[in-house]
Amino acid sequence: MPTLEQLSPPVHQGHVSSSFGETWRLPLLCLLLLIAIVYNTFFALNAPLPDTNENPLLVAELISYLPYLLACVLVLSTRAPEGRKRWLELGIILLGAVVLRAQLLGIQPNLSRDSWRYLWDARVTLHGFSPYTYAPNHPLLLHLRNMLYENSRFRNVPTIYPPGAQGFYLLSYLLVPDNLPFLKALFSLCEMVSTGLLALLLQRKGFDPARCLIYGWCPVAIVEAALQGHVDALMVMFIMLTLVCSQGTWRGARAVTGLCLALATLTKLYPILLLVVVWRGRRDWWLLITCLLTIALSYIPYLILGHGQIFGFFASYASEVGSMNGGPLALFMYRLSKQTGWPLQVTYAVDLLLVCSVSLWIGIRRLQERISLEASVLILFCVIFLISSHVFPWYTTVLLPPVAMMVGAPWTRASGWSGRALACIGLWYFVCASIFSYFFGTSLNWNLYYTYVYGVTAVFLLLALLLGMRNWRIDRRTRSASQGGPQYIQL
């Protein structure tokens, strides 16, 4: 018979003494949060102005990782409190996430000007023009130019953002026109919803809900939403809503899941791949119908407004193969095509084959209930980043919620090294280290970035793969021995 200790959830394994956690965890978390808030105050008061040297801002962001990582280690290595203490701790974590974002809302974006373009798109739409048809510098839009136009970049190309994102920009513009801090506040609110939903999913799985600070307190997520104002915060929220609703048993849960998945797809297109994760089989038609119908209806206004043009600059943007910040496989295929003379269509074929193969494999495993929800999401998004023509720091924040649900101690006395934990740590490192791309900017030599970001991440994933193969062989040999079969390893 298994013991009570063996039946306990993974969150209770590999921890330091429970007395330490019960006594010191909450005070230490409060201390680290206070340090982060004080540092953020200094950071906000001394933030560089737009179009000035951005390196001090990046160095300051790197320093802010210190209290964040210490808080994560504290939560991951100590046992969660029980009863009211657990909810008090979770409340402090959520409050801290709110404060850390609120401190940066008034600072003008310095690393990216995308958020100004969001409001410009809304302004153009409300005046009867399609942002998918007219670039900001088009003569027909001359009378609309204001500070939004002056602060936007890439004025010579139409927009790339799908209708779901455009609807959110319109909401912000209608509530408070031409107000960037308000839009950033809405994005920060989306991140708070995502953090709360992550805590809910963790609680459901028997894990410590305080792990939600892996996303809620992460400097990349905070800076890219509250300071830079990127729309990925909205996409992450809809993805988290999709995952939560997909586990619901209440009436209408499947239709709502399809709606949330559609809204995530209408913010950034690649979340449509999550269909293979949440699909339950042949009779799950309400999810599919709701998802596809929502996507189709959302494009109709822009089909009419733009006389059939609904993709704007997206196709050109997605096909910019060879950009310095591209995904590893995208960069490899581009250089290979340069050396061999292969047409770039070969790259697209490889990308499509990889995505379809992985999606099919995950779909089958999900129907067989042989792979978890969070592992499926993590694998799919890793494939997307592998083949993407651009990988910006704000893109990577979508990996944090599944990492928070899967990460654990890389080594325990009882089980030894954990391949899954190493893979999660490697991807967590990738998210945090992605901000180094800002230091390179338009530099032609990105080899140092590839080494310390892609290279280090690849080492973690390779070690995880080797450990997984070793454990699979050991398990297979153990099962064979227990069944009286031959005790050897098939190579």
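Residues numbered from 1 in each chain as written. Predicted model: local features only at pLDDT ≥ 70, side-chain atom pairs only at ≥ 80, totals over all residues. Heavy atoms only, no water.

**Thoughts on the layout of surface pockets**
Approximately 1,200 Å³ is the volume found for the second largest pocket. In this structure, the second largest pocket is lined by 35 residues; those nearest its centre are I379, A423, L461, A464 and L465. Those elements that place two or more of their residues in the lining of the second largest pocket are α18 (345-367), α19 (373-387), α21 (419-433) and α23 (447-482). Residue classes in the lining of the second largest pocket are distributed as 26 nonpolar, five polar and four charged. (1 Å grid on protein atoms, 1.4 Å probe; cavity = no way out; pocket = protein on both sides within 12 Å on 5 of 7 lines; lining within 4 Å. Points joined across faces, edges and corners; volume = space filled by probe spheres on them. Helix = DSSP H or I, 4+ residues; strand = E, 2+ residues; numbered from the N terminus. Nonpolar A, V, L, I, M, F, W, Y, C, P; charged D, E, K, R; others polar.)

**A short note on the nonpolar core**
Within the largest apolar cluster, 144 residues are counted, with the highest numbers of intra-cluster contacts made by Y68, F187, W217, V398 and W428. At eleven residues, helix α9 (residues 180-204) tops the list of elements feeding residues into this core. Other than its neighbours up to four places away in sequence, W217 contacts L29, L33, Y68, A71, I92, I93, G96, A97, L100 and I222. (Core = buried A, V, L, I, M, F, W, Y, C linked by side-chain atoms within 4.5 Å. Buried < 20%, exposed > 50% of the residue type's maximum accessible area, 1.4 Å probe, protein only. Contact = heavy atoms within 4.5 Å.)

**Points about the packing of helix α6 (residues 114-126) against α9**
Two elements in contact, α6 and α9, have axes whose closest approach is 10 Å; the angle formed by their N-to-C orientations is 100°. What the angle tells us is that α6 and α9 run roughly perpendicular. Residues S115, W116, Y118 and L119 of α6 touch α9, and the partners they reach there are L180, L183 and F187. Its residues assigned to classes, the contact of α6 with α9 shows six nonpolar, one polar and no charged. (Axes fitted to C-alpha atoms, helices over the stretch in contact; angles between N-to-C directions. Parallel < 35°, antiparallel > 145°, perpendicular 65-115°, else oblique.)

**Observations concerning a nonpolar patch on the surface**
On the surface, a cluster of nonpolar side chains totalling about 690 Å² of accessible area is made up of W285, I289, L293, L297, I300, L303 and I304. Here L293 shows up in helix α15 (residues 285-305). L293 sits in the partly exposed class, given a relative accessible area of 48%. (Patch = residues over 30% accessible without salt bridge, like charges linked within 9 Å, V, L, I, M, F, W, Y side chains within 5 Å. Areas by Shrake-Rupley, 256 points an atom, 1.4 Å probe, with all protein chains shown as cover. Salt bridge = Lys/Arg side-chain N within 4 Å of Asp/Glu carboxyl O.)

**Some thoughts on empty space enclosed by the protein**
In this structure the tally under the stated criterion is four cavities of 30 Å³ or more. Taken together, 18 residues line the largest cavity, and the ones lying closest to its centre are N40, S64, L100, P219 and I222. Of all the secondary-structure elements, those providing two or more residues to the lining of the largest cavity are α2 (18-45), α3 (55-63), α4 (65-77) and α11 (219-227). No other element matches the six residues that α2 contributes to the lining of the largest cavity. Counted by class, the lining of the largest cavity contains 15 nonpolar, two polar and one charged residues.

**Concerning the confidence of the model for the protein chain**
Mean pLDDT over the protein chain stands at 90; residues scoring 70 or higher make up 94%. Confidence over residues 1-13 falls short of pLDDT 50; this stretch has eleven contacts with residues more than four positions distant or in other chains. Here residues 487-491 scores under 50 on pLDDT; set against residues more than four positions off or in separate chains, the count is six contacts. (pLDDT = per-residue confidence, 0-100.)

**Some details on the side chain of S376**
Relative to the assigned elements, S376 resides in helix α19. Apart from the residues within four sequence positions on either side, S376 is in contact with V277, I362, R366 and I371.

**Regarding the pattern of salt bridges**
According to the stated counting rule, one finds eight salt bridges in the structure shown. Among the salt bridges present, the one from R86 reaches E82, with a minimum N-O distance of 3.9 Å. Note on E82: relative accessible area 53%, which makes it exposed. A salt bridge links K268 to D232, with the nearest nitrogen and oxygen atoms 2.7 Å apart. Pair noted here: K268 is in the loop between α13 (253-265) and α14 (275-278) and D232 is in helix α12 (residues 232-246), with a separation of 36 residues, a long-range link. Accessibility expressed as a relative area gives 14% for K268, which makes it buried. With relative accessibility at 2%, the residue D232 sits in the buried group. In the salt-bridge network here, residues are joined through shared partners; they are R25, E89 and D208.

**Some remarks on the environment of G306**
Following the sequence through the fold, G306 ends up in the loop between α15 and α16 (314-318). Among residues more than four places away in sequence, those in contact with G306 are S130 and T133.

**Structural notes on unusual backbone geometry**
Notably, D178 is not glycine yet its phi reads approximately 55°, a positive angle. Examined against the element boundaries, D178 turns out to sit in the loop between α8 (163-175) and α9.

**A closer look at the state of the cysteines**
Throughout the structure, instances matching the rule amount to zero disulfides. Of all cysteine sulfurs in the structure, the one in C260 sits closest to C190, which takes part in no disulfide; the separation is 12 Å. The cysteine C424 is free of any disulfide, with C382 supplying the nearest cysteine sulfur at 9.1 Å. (Disulfide = S-S within 2.5 Å.)

**Here's the deal with α19**
Working note: α-helix, 3.6 residues per turn, so residues spaced by three or four point in the same direction. An ideal rise of 1.5 Å per residue puts 21 Å on 15 residues; α19 measures up with 22 Å between its terminal C-alpha atoms. Most of α19 sits inside the fold, with twelve of its 15 residues counted as buried. Among the residues of α19, those classed as buried are L373, E374, A375, S376, V377, L378, L380, F381, V383, I384, F385 and I387. In this fold, the buried residues of α19 make contact with α12, α14, α17 (328-340), α18, α20 (400-406) and α21. (Expected span 1.5 Å × (residues − 1).)

**A closer look at the packing of aromatic side chains**
All told, the structure shown has 26 aromatic pairs when counted by the stated rule. The interplanar angle of 75° and the centroid separation of 5.8 Å between the aromatic rings of W279 and W285 together place this pair among those described as edge-to-face. Judged by relative accessible area, W285 falls into the partly exposed class, the value being 48%. Measuring from centroid to centroid gives 6.4 Å for W446 and Y450, while their planes differ by 35°, and the two rings are tilted. Residue class for Y450 comes out buried when judged on its relative accessible area of 12%. A network of ring pairs unites the aromatic residues F385, F430, F440, W446, Y449, Y450 and Y454 as a single cluster. Of note, R155 hangs over the ring of Y149, and the distance from its end group to the ring centre comes to 4.9 Å. (Phe/Tyr/Trp six-rings, centres within 6.5 Å; stacked < 30°, edge-to-face > 60°. Lys NZ or Arg CZ within 6 Å of the ring centre and 35° of its normal.)

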